[in-house]
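# Architecture at a glance
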Amino acid sequence: MIPRQIVEFVKSKIKKQYEIDEKEIERIFFSYAIKDKKFMDRVVNGKIEGFERLSSFKEILKKTKKEIYYNLRQYKRNAEQRKVLFKKLKRILEKEGISENAIKIHEEILCTHISSKERIDTYPFFYDRIFEFTGKPKRILDIACGMNPFSLPFMKLNDFTYICTELKQEDCDFINSYFKIISKHINVEAKAIRLNLFDLTSEEFGKKFIEENDLMKFDVVFLLKDIPVMERLRKGISKYIIRWLPTNYIVISGSKKSMVKGKEIKKREERLIRRVLNELNLNIASKIEFENEIVFIVKKNNHSYR
Ligand SMILES: C[S@@+](CC[C@H](N)C(=O)[O-])C[C@H]1O[C@@H](n2cnc3c(N)ncnc32)[C@H](O)[C@@H]1O
């Protein structure tokens, strides 16, 4: 383990420069630190005096900052691109309704987030396959949803409720402005709520969050590609996320290929998801394989916090 003092030093340095979640700083810093044997051998043995002057530490910090800079730049670019596409979508929906053109713009917005981009060829039948098993839901919760809300037209549902959560308020505001325009064409009651999944480690927070947002009961909860990512950020976090889910079915997925490098990761993701579900005594009721994604359907039948 890397001593806390070092981690706190890195976080304070980076937070002076960038507005970024602390967990994300830790994840990126750890990913470089563990690859540096010289640095790890020294600090794990407790020799931390003067660590900030070590050339290995300086190099790790430099790489961490560089990755954060590129990630934030990419996020900004994607957000700007989305805003332009959204204006177009608004115009087309007003003129043509959910036409072919409108679907094309939905797809372009979905492609501004790597997770939904990878699902793009699958969307036309993605939900059909899932709802074949769960039945057509009336209430859906989509956790850490990314840009997935822009796949609403692919759900082919009518008269339903769709609630989603994301980490950044800015993303929730963007998604909520979409809900405003799409609800004129699809009979859906939808809203996006800001939620940092790490806050769910507090039972008190979880209960309050459910009550305040009226999240008592769902037919299906989506945890698409979230569990592997969250477990990498903090091992063991999944039980806090899953235990509160007030739902009949949970749809959990993982990637088959790594999102950035394209490496085969299906086995690793499946192992991780199965371990998490085992620890929670939850059984997989169905497994669906798509080209780029492996989906597990879990029957929970539990509408209370446990
Ligand atoms: C792998 S993506 C999956 C997105 C979406 N579920 C999908 O499959 O299209 C993970 C999502 O988790 C969100 N996220 C990351 N850390 C989070 C946190 N601490 N709390 C809530 N959401 C978080 C990210 O913003 C990102 O959109």
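Calculation notes
- Residues numbered from 1 in each chain as written.
- Predicted model: local features only at pLDDT ≥ 70, side-chain atom pairs only at ≥ 80, totals over all residues.
- Near = placed C-beta within 6 Å.
- Helix = DSSP H or I, 4+ residues; strand = E, 2+ residues; numbered from the N terminus.
- Nonpolar A, V, L, I, M, F, W, Y, C, P; charged D, E, K, R; others polar.
- Buried ≥ 20, exposed ≤ 12 C-beta atoms within 10 Å, placed from the backbone.
- Contact = placed C-beta atoms within 7 Å.
- Domains from an automatic or database assignment.
- Core = buried A, V, L, I, M, F, W, Y, C linked by C-beta atoms within 7 Å.

## Section: the site of the ligand
Within the structure, the ligand sits among 16 residues, and Ser 115, Ala 144, Gly 146, Leu 197 and Leu 224 are positioned closest to it. Listing elements by their share of the shell around the ligand, those giving two or more residues are helix H6 (114-117) and helix H11 (226-233). Here the shell around the ligand is built from residues that sort into 8 nonpolar, 5 polar and 3 charged.

## Considerations on the environment of Lys 11
Tracing the chain through its elements places Lys 11 in helix H1 (residues 4-17). Taking the number of C-beta atoms within 10 Å as the measure of exposure, Lys 11 has 16 and is therefore partly exposed. Residues Lys 11 and Met 155, spaced 144 residues apart in sequence, show a C-alpha to C-alpha distance of 41 Å. Other than its neighbours up to four places away in sequence, Lys 11 contacts Glu 22 and Ile 25.

## A closer look at the domain arrangement of the chain
You can read the domains of the chain as domain 1 (4-75) and domain 2 (114-302). On a C-alpha basis, the centres of domain 1 and domain 2 stand 31 Å from each other.

## Observations regarding the nonpolar core
Val 221, Phe 222, Leu 223, Ile 250, Val 251 and Ile 252 are the most contacted members of the largest nonpolar core, which has 55 residues in total. Residue contacts for Ile 250: discarding those within four places in its chain leaves Val 221, Leu 223, Ile 242, Leu 245, Val 298 and Lys 300. Val 10, Ile 25, Ala 33 and Leu 61 belong to the second-largest nonpolar core, a separate cluster that totals 11 residues.

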